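# Geometric and topological summary
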Amino acid sequence: MNRPHRGAAGSRGLGTMEVKSKFGAEFRRFSLERSKPGKFEEFYGLLQHVHKIPNVDVLVGYTDIHGDLLPINNDDNYHKAVSTANPLLRIFIQRKEDADYSAFGTDTMTRKKNVLSNVLRPDNHKKKPHIVISMPQDFRPVSSIIDVDILPETHRRVRLYKYGTDKPLGFYIRDGSSVRVTPHGLEKVPGIFISRLVPGGLAQSTGLLAVNDEVLEVNGIEVSGKSLDQVTDMMIANSRNLIITVRPANQRNNIVRNSRTSGSSGQSTESSLPSSTPNILANLLPGEEESDEEDIIIEGSGEPQQIPKAAPTSESLESLTQIELLHESTQNGFLPSSEMNLNHSAGSISMEYEVQGPDHKSLEEDGTIITL
Amino acid sequence: MRRFLRPGHDPVRERLKRDLFQFNKTVEHGFPHQPSALGYSPFLRLMAIGTRSGAIKLYGAPGVEFMGLHEENNTVMQIHFIPDQCQLVTLLDDNSLHLWSLKQHSGASELREEYRFTLKGPPGSPPSATQITAVLPHSSREVLYLGTESGNIFVVELPSFRVLEDRTITSEAVLQRVPEDYCNRRSCELVEALREHPKNPDQILIGYSRGLIVLWDLQNNKVTHHFLGSQQLENLYWQRDGSKFISCHYDGSYTQWPVSGDNRQPEPLENLVPYGPFPCKAISKIYWQTTKNGLPYIIFQGGMPRASYGDRHSISVVHGSQQTAFDFTSRVIDFFIIFSSEPTAEFDDPSAMVVLAEEELVVIDLKSAGWPAVHPPYLASLHCSAITCSHHVSNIPLKLWERIIGAGSKQNIHYSNMPWPIDGGTNIAPDPPQRDLLLTGHEDGTVRFWDASGVCLHLLYKLSTVRVFLTDADPNDNMNTLGEDEWPPLRKVGTFDPYSDDPRLGIQKIYLCKYSGYLAVAGTAGQVLVMELNDEEAEHVVDHAEADLLQDQEGYRWKGHEKLKTRDGPVRFEAGFQPFVLVQCQPPAVVTSLALHSEWKLVAFGTSHGFGLFDHQQKRLVFVKCTLHPSDQLALEGPLSRVKSLKKSLRQSFRRIRRSRVSSRKRRGGSGNVQEANAKFDQDTLQEMELAPVQRKIEARSAEDSFTGFVRTLYFADTFLRDSSRHCPSLWAGTNGGTVYAFCLRVPPAERRMDEPVRAEQAKEIQLMHRAPVVGILVLDGRSTPLPEPLEVAHDLSKSPDMQGSHQLLVVSEEQFKVFTLPKVSSKLKLKLTALEGCRVRKATVANFGSCKTDDYSENDLAVLTNLGDIQIISLPFLKLQIRYPCIRKEDVSGIASCVFTKYGQGFYLISPSEFERFSLSTKWLVEPRCIVDVPEVTSNNHVHSKSGMENAARKSSPSYILAQQTIQLACTGASGSCQEHT
């Protein structure tokens, strides 16, 4: 069998990339040339072909390295998907008619299985009506202004969404002093300020933070009385879902906000990308415990060859991975290679069926290898 | 649910917390950092040491310790005990005098500062007029004579510190009858020494720095004798009978002067330069001790030939034809001789010499032949080679304890058998409830075993790993071949040796199994040694294996140090822990984590590249796992890539010294006004300067960060890793990048242990999304109790773990505590410490806390030290913050890094390179000094002396008077000052 070996070494070395596509309850496996992914339309056709759904309109999504389900609907995000897939590209296909747009976006993959948070906050996802404004789900938010209605006009609460290494959060903080009105009159108190924005970083690209803005809170916790290092640690600890309340150095922009009492965010015209939808605003009040992060758990050894001393033939320690390999080899179905080479000039392409339950609970089941 | 179970609202729990937790810094172990003054009371048989940071520590019999701290935090220049009193006077470098007393306080007593005083001159006089250079507490206990830079001697009354101006001895009065020509040549200059006549309290000897010495009659206020010394004076010493005194000088000479009634201006009896004829350094202190056999002991500090031996820190002892110049490892601060203090005794008969050097205390037995050193029961120089790591083991079984002591006693044969000569006071603390060992690893490849059960941290045994390796410095080279005719007759004494031959030998991790006596030790060059305790010395071959942690990762070059070369063939080991297995990691990076399972006979080790498991029964490597991220170039090349490692280590030592200087005891005391003003000034100037502000980058951690593969923690557990029906041995590893690896182990049953290989297979990998370093891993059993240590159950010292209920996994990262279910790993609970408080976990250990109210209640909690120096107690398994105590200053990075917790809620951390502070979080387990000092009662009629009755009082302080004293006992506690009933 000429199936390329799974795992990081295999895929990286050969320049091909494994694709695991799921439509309904069915999986298809095939491989793509990483360097020549082709156009989105060709890929769309390939997917329709391998799933044998030639005339069904579908939405194509993929999970990125953070476990977020993101759409593929043009060449750009298709290429992005291919270039970031590591080691395999996981494709999810939905019929357009019963598509659930809310499935896309941040934390979508992890939110689903966080049963605990759903129990604690049953009203989180369900109660909020879904307002769709020109398919914002096709994009993911990078920042938002939240809690405009409850904060003083001079303050601004900004939420930054961090997606991995491609774009750094990109700002620096420093110690400083600010003037406060106290019962004893005006008083100079120490404070934490934004000292620098990294060009091209997330903080700069949002346009919501500026140099010399005073940081008042980090994820709902006041920073007064805390050292620069402490605030740094708090921000880094929250970096995946950072909500900082600032007093902007330039208060003139607030006038714009005052005139618009709707509390709508995303009005900052500097924002390079349309920011969040209202439902995200509503369900993340600062200070509330967010279930933003979910650890990745890999059960069993993804690369059994890395443990040379542990003999896989040992009865008591039978590798679950081994079982899966066997399972795959017996159930694999092959398509004629001429059909497969629709878009690809080179590389052997193999496909696999994998019969599994539709839900993502399998993330935590024994024997599956999840590489998010 | 957990949202409603907030801590702090349950009154029952709050009450219980009060019975369980309590924070105390109880005692300081080790050698005081930067000692600056030494004092001794032959009457109390107590020794006092002052430091540059203003601390004063009193030591007597083992366990008798007191500590005080001057508020000013200034250097203690001189310490003088008031004769026959529980009082002492200290002189600080700000020219202030402080009177300290050992006083009773609610059933116990403590060292307390009573009065302070700064000598003030007449208005307009220069500061030197009152700069105190010499202090003499008069035997009347009524007055202090204070010699100054101006040459005047002031008299102050005790304890009020009232200046008795009419008694001031002015330099003019002294010079009145000095011959004219002498007077012109040299003015009096400062008062170098003040000595009371040993037999006649009305006479004091005054020595001026330019060489003039006078005997002053206190009653008639006039000079009776002039001694016209020609050399600059350093010090004076009276002979016991008062017929002669001896002066020592800047040019390395000493002179004997006769004191007789008739000759008012005698010539010196003898003038000698002991290490002449070439120019010599000053003799700064001298003793002349008489003995029954007639030959005196002449003991003096310094005096070495300036050119060849000017850099030595020596004290010479001359007794007849015997002469030894004890050569100390660091500068001599001061020394004293313990001799017969019985006033009726005819001779001094010195028994011991106590030398305070800058880095250690050395006591020489002067009674035994060869003048051997005495092994001190306290004040151990923890830093004789820099401490690189420490490990604490509670409740050592008696058998192991005795064997370690046995091994240690074989090492101590060159010490004197003399009982500890400084034996004042009585230790009344209850015997330590259990035997505790503190193991310190050192830069020179040694491990020291300390008895940490009680107040005195006492060295039991020293283990060296050096013999296994081939190092440049052969131990035989250091043998000091001292010829017969060697002059000066130098003899090295002391153990302080901060210069490591090879920094790769440094010990980084220690793990001792107290039940089996297996010890694993790992070091800087990736070496892991497994040892076994052997009561006899033995010669054997150490099995040697290599663990290639990089495996198939190719194209990387380790630019750090090389691995250590091993000795071929059998090696002779002295009795004690003897290595039988050596595993060397490749690349030879610092071992960052170590775990030993004595029941399974496995040792696991990790470096910045990965981790491995070694079967030390079959002597076979079970597996290795590379944890490196391919882009982590820094880890691959090694941290020492660009500098020579030796240079680096030297620099680190210097940094350590500098850092510790900053982190001196200044932090402890209440801030004086001067300090506050200084701090304010600093702050103001800083603000004015508007320096480029310190910035901190806010960036999420990523997989590409450096040292993500650094293995921070390793843990063995018998738990449910694969399914909930079968438990199996497992090995857990946590990395700097927030990854946890779990390996399933298959250990053959005991009868086939040698025949079948141990197998391992990766079962799980958890990537914490916040990617913070994993600092601790722990499995809780079905009752949510941490799994016992290996062999703990076998020795009936622990209940066997509950294997029925479901186990839980606790992962402690620097930022969060997380509880996961097992065998299916899913997050159950978490405490996001950093997100809430901005502090990070530095150390986390399970500690057992017993209630001080009832004997039958105890619970396990996590004791956590954060990077801010706070200690937090967090409950298990619900991860509720119980209580928080500030413990270490957050700037004291080395203090925080050195902290170790014990299993019963105590802990140690380094407050200087040479001192451990001991603290206790428990109400039940508290080790602090409690002692009694015998004090002769001073009857009231002797107490009330009018000024005019001073000479009367002086006469009364005769031998018979002292013998007539009644003795009362005072219970005293030491440094902490707390008077907890210790049950």
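What counts, and where the lines are drawn
- Residues numbered from 1 in each chain as written.
- Chains lettered and ligands numbered in written order.
- Predicted model: local features only at pLDDT ≥ 70, side-chain atom pairs only at ≥ 80, totals over all residues.
- Heavy atoms only, no water.
- Helix = DSSP H or I, 4+ residues; strand = E, 2+ residues; numbered from the N terminus.
- Buried < 20%, exposed > 50% of the residue type's maximum accessible area, 1.4 Å probe, protein only.
- Contact = heavy atoms within 4.5 Å.
- Areas by Shrake-Rupley, 256 points an atom, 1.4 Å probe, with all protein chains shown as cover.
- Domains from an automatic or database assignment.
- Pairing = 2+ DSSP bridges.
- UniProt positions renumbered as here; feature names shortened; annotations may be inferred.
- Phe/Tyr/Trp six-rings, centres within 6.5 Å; stacked < 30°, edge-to-face > 60°.
- Lys NZ or Arg CZ within 6 Å of the ring centre and 35° of its normal.
- Axes fitted to C-alpha atoms, helices over the stretch in contact; angles between N-to-C directions.
- Patch = residues over 30% accessible without salt bridge, like charges linked within 9 Å, V, L, I, M, F, W, Y side chains within 5 Å.
- Salt bridge = Lys/Arg side-chain N within 4 Å of Asp/Glu carboxyl O.
- pLDDT = per-residue confidence, 0-100.
- Core = buried A, V, L, I, M, F, W, Y, C linked by side-chain atoms within 4.5 Å.
- Arc of directions from axis to C-beta.
- Polar contact = N/O pair within 3.5 Å; in protein donor to acceptor, adjacent residues only side chain to side chain.

On to the overall build of chain B, then. Secondary structure summary: chain B contains 13 helices and 66 strands in total. Put simply, chain B has 983 residues, and 59% of those count as buried. The long-range share in chain B, meaning contacts at least 24 apart out of those at least 6 apart in sequence, stands at 60%. Split by element, the accessible area of chain B, about 40100 Å² in all, is 49% carbon and sulfur.

Let us look at the domain arrangement of chain A. Taken domain by domain, chain A consists of domain 1 (16–98) and domain 2 (143–253). Just the C-alpha atoms count here: the centres of domain 1 of chain A and domain 2 of chain A sit 38 Å apart.

Looking now at the pairing of strand 5 (residues 65–69) of chain B. All names here are of chain B. With respect to burial, strand 5 is a largely interior element, four of its five residues being buried. As judged from the five bridges shared by strand 4 (residues 55–59) and strand 5, these two strands associate in the antiparallel manner. When the bridges of strand 5 are listed, Tyr59 appears paired with Glu65. Hairpin remark: strand 4 followed by strand 5, antiparallel, with five residues in the connecting loop; positive phi at Gly63, about 95°.

With that settled, the discussion passes to the UniProt feature "repeat: WD" (unreviewed entry) in chain B. Taking the UniProt record as the reference, the feature "repeat: WD" (unreviewed entry) is found at residues 69–110 and 433–451 of chain B. Taken end to end, residues 433–451 of chain B is 0% helix and 63% strand, and its first and last C-alpha atoms sit 13 Å apart.

So, about the UniProt feature "domain: PB1" (unreviewed entry) in chain A. As annotated by UniProt and renumbered to match this structure, "domain: PB1" (unreviewed entry) occupies residues 16–96 of chain A. A distance of 29 Å separates the end C-alpha atoms of residues 16–96 of chain A, which is 26% helix and 42% strand.

Tallying each qualifying case throughout the model produces 33 aromatic pairs over all chains. Residues B:Tyr237 and B:Tyr287 carry aromatic rings whose centres are separated by 4.9 Å and whose planes lie at 50° to one another, so their mutual orientation is tilted. Of this pair, B:Tyr237 sits in strand 18 (residues 233–238) while B:Tyr287 sits in strand 22 (residues 283–289), and the two are 50 residues apart along the sequence. In this pair, the class of B:Tyr237 matches that of B:Tyr287, namely buried. Both rings, one in B:Tyr378 and one in B:Trp420, keep their centres 5.4 Å apart while their planes meet at 80°; by these two values the pair is edge-to-face. Note that B:Tyr378 is positioned in the loop between strand 29 (373–374) and strand 30 (387–393) and B:Trp420 in the loop between helix 5 (398–411) and strand 31 (426–427), a separation of 42 residues in sequence. Classification of B:Tyr378 as buried rests on a relative accessible area of 1%. B:Trp420 sits in the buried class, given a relative accessible area of 12%. Taken together, the aromatic side chains of B:Phe23, B:Tyr885, B:Phe901, B:Tyr909 and B:Phe919 make up a single cluster linked through ring pairs. Seen from the ring of A:Phe27, A:Lys20 lies directly overhead, with NZ or CZ sitting 4.8 Å from the centre. Residue placement shows B:Lys285 over the ring face of B:Phe335; its charged tip is 5.4 Å from the ring centre.

With that settled, consider the sheet that holds strand 59 (residues 858–866) of chain B. All names here are of chain B. An order of 58-59-60-61 is seen for the four strands of this open sheet, with the pairing classed as antiparallel. For this open sheet the edge positions go to strand 58 (841–850) and strand 61 (881–886), each flanked by a neighbour on one side alone. Direction aside, neighbouring strands of the sheet carry axes that sit 25° apart on average. On top of the sheet, helix 1 (residues 11–20) reaches strand 58, strand 59 and strand 61; it is set at about 75° to strand 59, its chief contact.

Moving on, we get to a nonpolar patch on the surface. On the surface, A:Val179, A:Val181 and A:Leu186 cluster together to form a nonpolar patch covering roughly 350 Å² of accessible area. Residue position: A:Leu186 is located in strand 9 (residues 185–197).

Quick look at the confidence of the model for chain A now. Residues and elements named next belong to chain A. Residue-level pLDDT values for chain A average 64, and 53% of them are 70 or greater. The lowest-confidence element of chain A is helix 9 (residues 278–283), averaging 32 in pLDDT; the highest-confidence one is strand 10 (residues 214–218), averaging 92. Taken together, the stretch residues 1–13 has pLDDT below 50 and engages in 23 contacts with residues farther than four places along the chain or on a different chain. Per-residue pLDDT stays below 50 along residues 110–129; that stretch engages in 27 contacts with residues further than four places along the chain or on separate chains.

Our focus in this paragraph is the sheet that holds strand 22 of chain B. All names here are of chain B. Taken in spatial order, the five strands of this open sheet run 22-23-24-25-36, and their pairing is mixed. Only two strands of the sheet have a single partner each, and these edge strands are strand 22 and strand 36 (490–492). Strand-to-strand twist across the sheet, computed as the mean angle between neighbouring axes with direction ignored, equals 20°. In terms of strand pairing, strand 25 (residues 322–328) meets strand 36 through three bridges, oriented parallel. Within strand 36, the position partnered with Phe326 by the bridge is Arg491.

Time to look at the nonpolar core. In terms of nonpolar packing, the biggest core is built from 56 residues, with B:Met47, B:Ile299 and B:Met353 touching the most fellow members. Here this core gets six residues from one element, more than from any other, and that element is strand 26 (residues 332–338) of chain B. When sequence neighbours within four positions are dropped, the list of residues in contact with B:Met353 reads B:Ile299, B:Ile315, B:Val317, B:Phe326, B:Phe335, B:Phe336, B:Ile337, B:Val362, B:Val363, B:Ile364 and B:Leu366. A:Ile297, B:Trp732, B:Leu778 and B:Leu829 belong to the second-largest nonpolar core, a separate cluster that totals 39 residues.

Residues and elements named next belong to chain B. Among the residues of helix 1, Lys17, Asp19 and Leu20 are the ones counted as buried. Buried residues of helix 1, seen end-on, are gathered within an arc of 160° and therefore sit on one face of the element. Residues of helix 1 that are exposed and point more than 90 degrees away from the buried face comprise Pro11 and Arg18. The residue sitting at the N-terminus of helix 1 and contributing the capping side-chain oxygen is Asp10; that oxygen lies 3.1 Å from the backbone nitrogen of Val12.

As a further point, take the environment of B:Phe716. Residues and elements named next belong to chain B. Here Phe716 is to be found in strand 50 (residues 711–719). Residue class for Phe716 comes out buried when judged on its relative accessible area of 10%. Put simply, Phe716 and Leu731 are 15 residues apart on the chain and 4.7 Å apart in space, counted from C-alpha to C-alpha. Excluding anything up to four places from it in sequence, Phe716 contacts Ala595, Leu596, His597, Trp600, Leu602, Val603, Ala604, Leu613, Ser730, Leu731 and Leu745.

This part covers helix 2 (residues 40–50) of chain A. Here helix 2 of chain A has its buried residues at A:Phe40, A:Phe43, A:Tyr44, A:Leu46, A:Leu47, A:Gln48 and A:Val50. Positive phi shows up at A:Lys52, right after helix 2 of chain A, with a value of about 55°.

Residue and element names in this part refer to chain B. Of all residues in chain B, 85% have pLDDT values of 70 or greater, and the mean over the chain is 84. Note on residues 1–5: pLDDT is under 50 here. Beyond four places in sequence and across chains, it has ten contacts. Taken together, the stretch residues 659–672 has pLDDT below 50 and engages in 33 contacts with residues farther than four places along the chain or on a different chain. For this predicted complex, the interface confidence comes out at an ipTM of 0.77, alongside a pTM of 0.77.

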